[in-house]
Amino acid sequence: MKIRNKILLRAAAIGGALLLAGMGASCSDDPKAAPTKAEVTLDPNLYTVEHPDLFKLATVETRDLPTTLHANGGVTPDINSTIHMTSQGSGRVVELKVRLGDYVKKGQVLLFIHSADLAAAFSDYQKAAADQRLAQKARDRAQLLYSHGALAEKDLQQAEDTEEKAKADVQNTEQRVRLLGGDPAHPSAMIELRAPVSGTIVEQNISGFEGIKSLDNSPNLFTIADLTHVWVLCDVYENDLGEVHLGDTAEIRLNAYPDQTYHGKVADISRVLDPATRSAKVRIVLSNRDGSLRPGMFAVATFRSRKSQSRIVVPSTALIRLQDKDWVFRKEGPQRFHRIEVRTLGGITDGMQPIDQFSTKDGLKAGDEIVANALEFSSAVAEQGK
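Note that the structure is predicted; figures quoted are calculated from it, not measured.

(A) Spatial organisation of the overall build of the protein chain. What the protein chain contains, in helices and strands, is 4 helices and 21 strands. When each of the 386 residues of the protein chain is scored for burial, the buried share is 32%. In the protein chain, once contacts between residues fewer than 6 apart in sequence are set aside, the share between residues at least 24 apart is 73%. Carbon and sulfur atoms make up 52% of the accessible area of the protein chain, which amounts to about 24,300 Å² in all.

Right, here's the structure in full:
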């Protein structure tokens, strides 16, 4: 009986020890005792498609392409076809016939000016003409008397000299009348300012009934420009001037017509740098027969250098624009595609778009396979996710 009790007591002691050990383990603060759940991170640019064979693939290629350079600029009139209109005489505007932006023809009246200068010029002309008539009569009388021996030769010469001086005065005063815009045959104090060439009024600094000062301190009344040809003046920075040469072709894009591309040639490169921006003006001449190019329009010029550089190219359809960025879908496995951000370079040639292969750490390289139609692939993936 004693032996049985000892066995039961020993069993109870062992059970209690085991129970205490279990309770100690459950109450332990050791972090290793509680297993943690591993976090799974998904790449939002990684796609898995069920039927990859439905999407045509294209291979990234390399081509030798000219280096492209972009420069901002604006449309300006051709200075060689621009006329600044001024009035030779002071006065006051009594009637304005045209306005800013109007098209005018050669000889068309622009405005009427009542001018005291023209009135004085007509007065001087009329006095000179009267003096000439009187001098001519005196010379005729002197010749008659000299022919009958009733006048000395020196008196005849003096009469002829007086007439010549009178003729010179008439010529000078007549020229002044014409210079001020008057017609000697029609005396008037009204100046008719006429357009010397056909063109568009691109600047106006006068309004009706305004006074016009003397020529030395008066601004241009009008500026008339022939806009059949215009200039695009671009700012090219000092570091890029070596990429631009006279005669190089340039592509021009305007904010007003984003779907159109204009082509011109570099006609001049300024030999002076702007000290504030360290840039030089580059002039491109464009034809503007339809008048769609207006002075002041913002333009972006793309220059293509004569030197070629190896670039990777992809079909333009392989690009998709999302969140103001360009993307392509590169094949990563049998059913996996990776969306990669890329940066485009220059324009499209033969349907191929140059890509900066160093634009991202996962940049494309020659031989990579990408989806040929990115828009179609993106739409299919969106439908699959619904």
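(B) Region of the structure containing unusual backbone geometry. Even without being a glycine, Arg278 presents a positive backbone phi close to 55 degrees. With respect to the helices and strands, Arg278 occurs in the loop between strand E14 (262-269) and strand E15 (279-287). Classification of Arg278 as partly exposed rests on a relative accessible area of 40%. Despite not being glycine, Gln323 shows a phi value in the positive range, around 55 degrees. With respect to the helices and strands, the residue Gln323 is situated in the loop between strand E17 (320-322) and strand E18 (325-331). Residue classification places Gln323 among the exposed positions, given a relative accessible area of 70%.

(C) Region of interest: the nonpolar core. Val104, Leu110, Leu111, Ile206, Phe222 and Ile224 are the most contacted members of the largest nonpolar core, which has 26 residues in total. Elements with a contribution of two residues or more to this core: strand E5 (91-96), strand E7 (109-114), helix H2 (116-147), helix H3 (153-179), strand E8 (190-194) and strand E11 (222-225). No other element matches H2, which puts 6 residues into this core. Setting aside residues no more than four positions away along its own chain, Ile206 makes contact with Val93, Leu96, Leu111, Ile212, Leu221 and Phe222. Residues Val75, Val230, Cys234 and Val282 belong to the second largest nonpolar core, which totals 24 residues.

(D) Representation of the layout of surface pockets in the model. Approximately 160 Å³ is the volume found for the second largest pocket. Counting only elements with at least two residues in the lining of the second largest pocket, the list comes to H2 and E8. Counting residues per element, the lining of the second largest pocket draws most heavily on E8, which supplies 3 residues. Along the lines of polarity and charge, the residues of the lining of the second largest pocket split into 4 nonpolar, 4 polar and 3 charged.

(E) Main features of the pairing of E7. Burial runs high along E7: 5 of the 6 residues are buried. Looking at chain direction, E5 and E7 are connected through 4 bridges and run antiparallel. Paired with Val93 across the bridge in E7 is Ile113. Across 5 bridges, the pairing between E7 and E8 is antiparallel. Bridged to Leu111 within E8 is Leu193.

(F) View of H2. Over its 32 residues, H2 extends 47 Å from the first C-alpha to the last, a length consistent with the 46 Å expected when each residue adds 1.5 Å. Within H2 the residues assigned to the buried category are Leu118, Ala121, Phe122, Tyr125, Ala128, Ala129, Ala135, Arg139 and Ala142. Buried positions along H2 lie against H3 and E8. Put simply, Ser115 is the residue that caps the front of H2, since its side-chain oxygen is 3.2 Å from the backbone nitrogen of Asp117. Phi turns positive, to about 75 degrees, at Gly149, one or two residues after H2.

(G) Representation of the sheet that holds strand E9 (residues 199-204). Within the open sheet, the 4 strands sit side by side as E4-E11-E9-E6. Their pairing is antiparallel. The sheet is open, and its two borders are formed by strand E4 (82-85) and strand E6 (103-104), each paired with just one other strand. Of the strand pairs in this sheet, E9 and E11 are connected by 4 bridges, and their pairing is antiparallel. Each residue of the ladder has a partner; that of Gln204, found in E11, is Phe222.

(H) Highlighting the confidence of the model for the protein chain. When pLDDT is averaged along the protein chain, the result is 85; 86% of the residues meet or exceed 70. For the stretch residues 1-41, pLDDT sits under 50, and the model shows 0 contacts to residues farther than four places along the chain or on other chains.

(I) Seen up close, the sheet that holds E7. Spatially, the 4 strands line up as an open sheet ordered E8-E7-E5-E10, and their pairing is antiparallel. At either end of the open sheet lies a strand with only one pairing partner, and these are E8 and strand E10 (211-212).

(J) Molecular detail of helix H4 (residues 374-384). Buried within H4 we find Ala374, Phe377 and Val381. Around the axis of H4, the buried residues are gathered within 65 degrees of arc, so they sit on the same side. Along H4, exposed side chains directed more than 90 degrees from the buried face belong to Leu375 and Glu383. On the buried face of H4, the contacting elements are strand E1 (46-48), E17, E18, strand E19 (336-344) and strand E21 (369-371).

(K) Quick look at the packing of aromatic side chains. Taken as a whole and assessed by the stated rule, the structure comprises 4 aromatic pairs. Here the aromatic rings of Phe329 and Phe377 are separated by 4.7 Å at their centres, their planes lie at 50 degrees, and the arrangement is tilted. With Phe329 in strand E18 and Phe377 in helix H4, the pair connects residues that are 48 residues apart, well separated along the chain. On the basis of relative accessibility, which here comes to 0%, the residue Phe377 falls in the buried class. Through pairs of rings, three or more aromatic residues link up here, namely Tyr47, Phe55, Phe329, Phe337 and Phe377. Positioned above the aromatic ring of Trp231 is the side chain of Arg283, whose terminal nitrogen or guanidinium carbon lies 4.1 Å from the ring centre. Looking at Arg339, its charged tip hangs above the ring of Trp327, at a distance of 4.4 Å from the centre.

How each quantity is defined
- Residues numbered from 1 in each chain as written.
- Predicted model: local features only at pLDDT ≥ 70, side-chain atom pairs only at ≥ 80, totals over all residues.
- Heavy atoms only, no water.
- Helix = DSSP H or I, 4+ residues; strand = E, 2+ residues; numbered from the N terminus.
- Buried < 20%, exposed > 50% of the residue type's maximum accessible area, 1.4 Å probe, protein only.
- Contact = heavy atoms within 4.5 Å.
- Areas by Shrake-Rupley, 256 points an atom, 1.4 Å probe, with all protein chains shown as cover.
- Core = buried A, V, L, I, M, F, W, Y, C linked by side-chain atoms within 4.5 Å.
- 1 Å grid on protein atoms, 1.4 Å probe; cavity = no way out; pocket = protein on both sides within 12 Å on 5 of 7 lines; lining within 4 Å.
- Points joined across faces, edges and corners; volume = space filled by probe spheres on them.
- Nonpolar A, V, L, I, M, F, W, Y, C, P; charged D, E, K, R; others polar.
- Pairing = 2+ DSSP bridges.
- Expected span 1.5 Å × (residues − 1).
- Polar contact = N/O pair within 3.5 Å; in protein donor to acceptor, adjacent residues only side chain to side chain.
- pLDDT = per-residue confidence, 0-100.
- Arc of directions from axis to C-beta.
- Phe/Tyr/Trp six-rings, centres within 6.5 Å; stacked < 30°, edge-to-face > 60°.
- Lys NZ or Arg CZ within 6 Å of the ring centre and 35° of its normal.

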